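So the chains spell out like this:
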Amino acid sequence: MEDKILIVEDNPQNMRLMEMLLKARGFSFLLKAIDGEEALDVATRELPDLIVMDIQLPKLSGLEVTKKLRQMPFFSRIPIIALTAYAMKGDKEKILEAGCDAYLPKPFSARELPAMINEMLQSNRRSKSGEKK
Ligand code: MN
């Protein structure tokens, strides 16, 4: 089954860039949200396999969205990769504390993001199949 990836990003240029990048790497089932409220809405409706979450977003920040999602059983184990333009001291800790699994500073490299997505989808599949035994 194809992996469903939700991209949350309010900057249209970054959104286009990520879409192109992920499609080029074979991820074709992409969902999009451009602010925190839409992210919650699309996530709970579509139940993606992984979320790429910009942190600076209108309405609700990526951290707030992540915290809300983590309270829902379905999202307790869904990988969330945070992207943030500024990384100040303590930001990484805040991001991980909110429930994100990983963190990439912007601008991210064209290799790093798809590699991280692949790795997380695979390890999530492994832990899911482990649970069934
Ligand atoms: Mn942003």
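For the structure itself, look to the data block above.
All of these numbers come straight from a predicted model, not from anything done at the bench.

Participant: Kindly report on the coordination of the manganese ion, identifying the contributing residues and their values.
Facilitator: For the manganese ion, the full set of protein donor atoms is D10 (OD), D54 (OD) and Q56 (O), at a range of 2.0 to 2.2 Å. Sequence positions of the residues that donate to the manganese ion give the spacing D-x43-D-x1-Q.

Participant: Now, about the pairing of strand 3 (residues 50–54): what can you tell me, with residues and values included?
Facilitator: Most of strand 3 is tucked away: 5 of the 5 residues are buried. Here strand 3 shows two buried faces, one formed by L50, V52 and D54 and the other by I51 and M53. Sheet analysis places strand 1 (residues 4–8) next to strand 3, joined by 4 bridges and oriented parallel. The residue of strand 3 that forms the bridge with I5 is L50.

Participant: Break down the packing of helix 2 (residues 36–46) against helix 3 (residues 62–70) for me, with residues and values.
Facilitator: Helix-helix packing is characterised by the crossing angle of the two axes and by the distance between the axes. For the pair helix 2 and helix 3, interaxial distance at closest approach is 9 Å and the crossing angle is 30 degrees. As judged from the angle between their axes, helix 2 and helix 3 are roughly parallel. The interaxial crossing formed by helix 2 with helix 3 has right-handed handedness. Note on element contacts: helix 3 touches helix 2 through V65, K68 and L69, opposite G36, A39, L40, A43 and T44. Residue classes in the contact of helix 2 with helix 3 are distributed as 5 nonpolar, 2 polar and 1 charged.

Participant: Can you explain the sheet that holds strand 4 (residues 80–84)? Please cite residues and give values.
Facilitator: The 5 strands lie next to each other as 2-1-3-4-5, forming an open sheet whose pairing is parallel. Looking along the sheet, the strands with just one partner apiece sit at the ends: strand 2 (29–33) and strand 5 (102–105). Within the sheet, the average angular offset between the axes of one strand and its neighbour, ignoring direction, is 20 degrees. As judged from the 4 bridges shared by strand 3 and strand 4, these two strands associate in the parallel manner. Residue pairing for strand 4: V52 is matched across the bridge by I81. In the packing of helix 1 (residues 12–24) onto the sheet, contacts are made with strand 1, strand 2, strand 3 and strand 4, and the angle to strand 2 comes to roughly 170 degrees.

Participant: Describe the pairing of strand 4, naming the residues involved and giving the relevant values.
Facilitator: Counting buried residues in strand 4 gives 5 out of 5 residues, a clear majority hidden from the surface. Neither face of strand 4 is exposed, since I80, A82 and T84 on one face and I81 and L83 on the opposite face are all buried. Chirality of the crossover, the property in question, places the unit of strand 3, helix 3 and strand 4 among those that are right-handed. As paired strands, strand 4 and strand 5 are joined by 4 bridges and run parallel to one another. Bridge pairing links L83 to L104 in strand 5.

Quick notes on the rules
- Residues numbered from 1 in each chain as written.
- Predicted model: local features only at pLDDT ≥ 70, side-chain atom pairs only at ≥ 80, totals over all residues.
- Heavy atoms only, no water.
- Donors = N, O, S within 2.8 Å, 3.2 Å for Na, K, Ca; no water.
- Buried < 20%, exposed > 50% of the residue type's maximum accessible area, 1.4 Å probe, protein only.
- Helix = DSSP H or I, 4+ residues; strand = E, 2+ residues; numbered from the N terminus.
- Pairing = 2+ DSSP bridges.
- Axes fitted to C-alpha atoms, helices over the stretch in contact; angles between N-to-C directions.
- Parallel < 35°, antiparallel > 145°, perpendicular 65-115°, else oblique.
- Left-handed = near helix turned anticlockwise from the far one by under 90°.
- Contact = heavy atoms within 4.5 Å.
- Nonpolar A, V, L, I, M, F, W, Y, C, P; charged D, E, K, R; others polar.
- Right-handed = clockwise from strand over helix to strand, strands pointing away.

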